[in-house]
Amino acid sequence: MTRFRPCIDLHAGQVKQIVGGTLDSDNMGKLQTNFVSEKPAAHYAKLYKDNGLEGAHVIMLGPGNDEAAKQAIGAWPNGLQVGGGITDKNAAEWIEAGAEKVIVTSFLFPGGQFSQLRLDSILKVLGGDKEKLVIDLSCRRRGKGKWFVAMNKWQTITDMEVNEG
């Protein structure tokens with residue numbers, strides 16, 4: 001069964017649909033979008049809530065998105081997951097602000113290598129509640145048929161291959 005998981009991608013405080021792989025913080029001139037909304041993130045959060053679209057998430061792509069993300073989770077408290085820049089320093093704050101769960105990737109891969117210590121530290125600040133944590137293992141293809149976890153706005157490929165084994 002296919003399940004729709006709605007997303008609110010935020011870039012510079014606006015809801016945008018960004019073409020994957022074009023969000024390179026070193027060269028913003030290459031950013032490509034399919035859609036830039038005139039409506040705030042909270043509008044989409046309310047829309048998802050009103051239509052019972054569970055599993056929705058807000059992703060903060062770069063700086064300048066905290067306020068829009070807080071407005072979105074305020075429109076649907078405990079109904080939206082939030083990700084983008086989540087660390088052991090701010091994870092609990094996002095849960096307290098109303099996020100259902102926090103989503104983490106880059107924090108877990110310092111230097112592109114998985115860190116169990118960082119996973120343990122983020123779980124600790126969440127009171128050990130694994131239900132409050134989503135680990136995003138979004139991947140990019142490398143080589144023939146190999147997939148590796150990508151971080152830092154999908155620009156950095158980590159050492160973690162995702163495969164059947």
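I will try to describe carefully the structure that is included in this document. (Residues numbered from 1 in each chain as written. Predicted model: local features only at pLDDT ≥ 70, side-chain atom pairs only at ≥ 80, totals over all residues. Heavy atoms only, no water.)

1. As for the environment of R3
(1) Moving on: Mapped onto the elements, R3 comes out in the segment before β1 (7-11).
(2) Moving on: Under the relative-accessibility criterion, R3 is labelled exposed at 52%. (Helix = DSSP H or I, 4+ residues; strand = E, 2+ residues; numbered from the N terminus. Buried < 20%, exposed > 50% of the residue type's maximum accessible area, 1.4 Å probe, protein only.)

2. Looking at helix α2 (residues 66-75)
(1) Moving on: By the burial criterion, the buried members of α2 are A68, A69, A72 and I73. Buried residues of α2, viewed axially, fall in a sector of 130°; they line one side. (Arc of directions from axis to C-beta.)

3. Comments concerning the nonpolar core
(1) Moving on: Core analysis: the biggest nonpolar cluster contains 34 residues, and I8, L10, V82, W94 and V102 have the highest contact counts within it.
(2) Moving on: Among the secondary structure elements, those contributing two or more residues to this core are β1, α1 (41-50), β4 (57-60), α2, α3 (91-96), β6 (101-104), α4 (116-125) and β9 (146-151).
(3) Moving on: In contact with L10, other than residues within four places in its own chain, are V15, A41, V58, I59, M60, L61, N65, A68 and A69. (Core = buried A, V, L, I, M, F, W, Y, C linked by side-chain atoms within 4.5 Å. Contact = heavy atoms within 4.5 Å.)

4. A word on the side chain of T105
(1) Moving on: The residue T105 is located in the loop between β6 and α4 in this model.
(2) Moving on: Assessed through its relative accessible area of 13%, T105 is described here as buried.
(3) Moving on: At 2.7 Å, the side chain of T105 and the backbone oxygen of D136 are in polar contact.
(4) Moving on: Discounting residues that sit within four places of it in the chain, T105 has contacts with D136, V149, A150 and M151. (Polar contact = N/O pair within 3.5 Å; in protein donor to acceptor, adjacent residues only side chain to side chain.)

5. Points about the pairing of strand β10 (residues 156-162)
(1) Moving on: Bridge count between β9 and β10: four bridges; the pairing is antiparallel. The residue of β10 that forms the bridge with W147 is V162. (Pairing = 2+ DSSP bridges.)

6. Focus on the sheet that holds β10
By way of backbone hydrogen bonds, the strands of a sheet pair with one another, either parallel or antiparallel.
(1) Moving on: Strand order in this open sheet of three strands is β8-β9-β10, and the pairing throughout is antiparallel. With partners counted over all chains shown, the strands left at the sheet margins are β8 (139-142) and β10, one partner each. Strand-to-strand twist of the sheet, defined as the mean angle between neighbouring strand axes without regard to direction, takes the value 45°.
(2) Moving on: With four bridges connecting them, β8 and β9 associate as antiparallel partners. Note on β9: the bridge partner recorded for R141 is W147. (Axes fitted to C-alpha atoms, helices over the stretch in contact; angles between N-to-C directions.)

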